[in-house]
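# A look at the structure
The residues making up each chain are set out below.
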Amino acid sequence: MKNLALTHPDLAFDVEAARRHFPILSRTVHGRPLVYLDNGASTQRPQSVIDAVNDYERRHHANIHRGVHTLSQEATALYESARDRLVRFVNARSRTEIIFVRGTTEAINLVTQSYARPALQPGDEVLITHLEHHANIVPWQMVCAQTGAKLVAAPMTAQGEIQLEAVIALMNPRTRILACAHVSNALGTVLPVRRLVAAAKARAITTLVDGAQAVAHMAVDVRDLDCDFYTFSSHKMYGPTGVGVLYGREQLLERMPPWQGGGDMILAVTFEKTTYNALPYKFEAGTPNISGAVGLGAAVDFLSSLDRKAAHAHEDALLHHATAVLGRIPGLRIIGTAPQKASLVSFVVAGVHPHDLGTILDEDGIAVRTGHHCAMPVMDFFKLPATARASFAFYNTIDEIDKLAAGIERARKIFA
Ligand code: PLP
């Protein structure tokens, strides 16, 4: 695919060229051009991803791994080549470290049940942070209830920051696992994960980084981060829903028992004994989401075709513009003002309930998310039931942010 950036000499990132890859961006909603600012919940798909899934469905579909016939071999090759792309995408050491799952939620549940459950003893501690998504809280609560371990949450500052020292202060000889977000979905805060992982490693604490909100915005190198597990979802990085990745350090994955039993994760089965398959198949029981994996592979190709530095700079410019223009609206308060943020703004407007705001913006064709963003402890911290959240992708424009600001002003007048 052609490099999307730098087609215009005056623009660091040619957003119009990027937008042309996304058919949905040219549709209207309620008679207005769609302004899609809900990328934190799910990003849109470029034509190349749609085509890859379509081509798979039309020409290559069969079940994988077990067939000698041509279609099965083609489907297997496509599925496994998606895995190879993901190895390179996060710089894993080998394809044994890339497990296909349904998404971040399933990846974390796999780790809690297959790694943590056998490892945790009563009195052990699992350390998370105050800003986690429920997907990185509830599975740990469940495994703590199963094992007698204790869940500890590192505090957050009023800006929505997680400070390294505050997390280190909670690490002690009972701490077995540190599980934290790379980027907060509710606030946009970028956590100092590299330093957090290093601090944990120095104390022999196993680390999981929830990268659901990171992979679309920054290059991720799991070897550089040095974490033990890294999780992400395809649908937040321009790929299809229902598929995602658990990266795991091979030595740990080797020691972990399978999470689910069934077809494909075995080498031999008798009623007396089952021999499990090798990595990564040991963790991929049953028929997987083959077309989803193919689409995810195409999403990786798409992201790799971007000038990611320029795309990131563009997203940063969107964040700065949004922070400035929304910050000038009377009664609007931005929630989450950490110095390191991904391109996302959470906010409340005095006198306008976030759900009403979301509905009014929708009339203008503007999609934002409203609610607790699956991060109720964050809402409790700020003593709010909900916020509105505008989350940007590289295909968003300054003009769209100005439309958002105008829509918010309109809502304020309705409720004045
Ligand atoms: N973690 C974070 C930080 C998220 O933002 C999300 C989804 O919003 C998840 C985990 C869960 O991802 P999924 O629903 O794709 O499993």
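Remember, it's a predicted structure, so these values are computed and weren't measured experimentally. (Residues numbered from 1 in each chain as written. Predicted model: local features only at pLDDT ≥ 70, side-chain atom pairs only at ≥ 80, totals over all residues. Heavy atoms only, no water.)

### Topic: the side chain of Glu132
We apply this condition: We count a stretch as a helix when DSSP gives it H or I for four or more residues in a row; a strand needs E for two or more, and each element gets its number in order from the N terminus. Only protein chains enter the calculation, and the probe is 1.4 Å; a residue is then buried if its accessible area is under 20% of its type maximum, exposed if over 50%, and partly exposed in between. Positive residues here are Lys and Arg, negative ones are Asp and Glu, while His and the chain termini are left out of the count. Any carboxyl oxygen of Asp or Glu that lies within 4 Å of a side-chain nitrogen of Lys or Arg is treated as forming a salt bridge with it. Here a polar contact means two N or O atoms within 3.5 Å. Within protein one must be a hydrogen donor candidate and the other an acceptor candidate, and residues neighboring in sequence count only if both atoms are side-chain atoms.
Relative to the helices and strands, Glu132 is located in the loop between strand 5 (125-129) and helix 5 (138-147). Salt bridges are absent for the buried Glu132, whose nearest opposite-charge side chain, Arg389, sits at 13 Å. A distance of 2.6 Å separates polar atoms of two side chains, one belonging to Glu132 and the other to Thr129. A distance of 2.9 Å separates polar atoms of two side chains, one belonging to Glu132 and the other to Asn136.

### With respect to the site of the ligand
Filter applied, for reference: The near set for a molecule or strand comprises every residue that places at least one heavy atom within 4 Å of it. All accessible areas in this document rest on Shrake-Rupley with a 1.4 Å probe, and a residue is counted as covered only by the protein chains that are shown. For this classification, Asp, Glu, Lys and Arg are treated as charged, while Ala, Val, Leu, Ile, Met, Phe, Trp, Tyr, Cys and Pro are nonpolar and the rest, including Gly, are polar.
Every residue near the ligand is listed here: Thr104, Thr105, His133, Ala135, Asn185, Asp210, Ala212, Gln213, Ser233, His235 and Lys236. Contact distances for the ligand include 2.5 Å between an oxygen atom and a side-chain N or O atom of Thr105. One of the side-chain nitrogen or oxygen atoms of Asp210 is found 2.6 Å away from a nitrogen atom of the ligand. For the ligand, whose free accessible area comes to 400 Å², the fraction covered by protein is 85%. Here the shell around the ligand is built from residues that sort into two nonpolar, seven polar and two charged.

### Let's talk about the confidence of the model for the protein
Note the cut-off: On a range of 0 to 100, pLDDT expresses the predictor's confidence in each residue. We call two residues in contact when some of their heavy atoms are within 4.5 Å.
Of the residues in the protein, 97% reach a pLDDT of 70 or more, and the chain-wide mean stands at 96. Note that residues 1-10 has pLDDT below 50 and, in this model, 27 contacts with residues that lie over four places away or in other chains.

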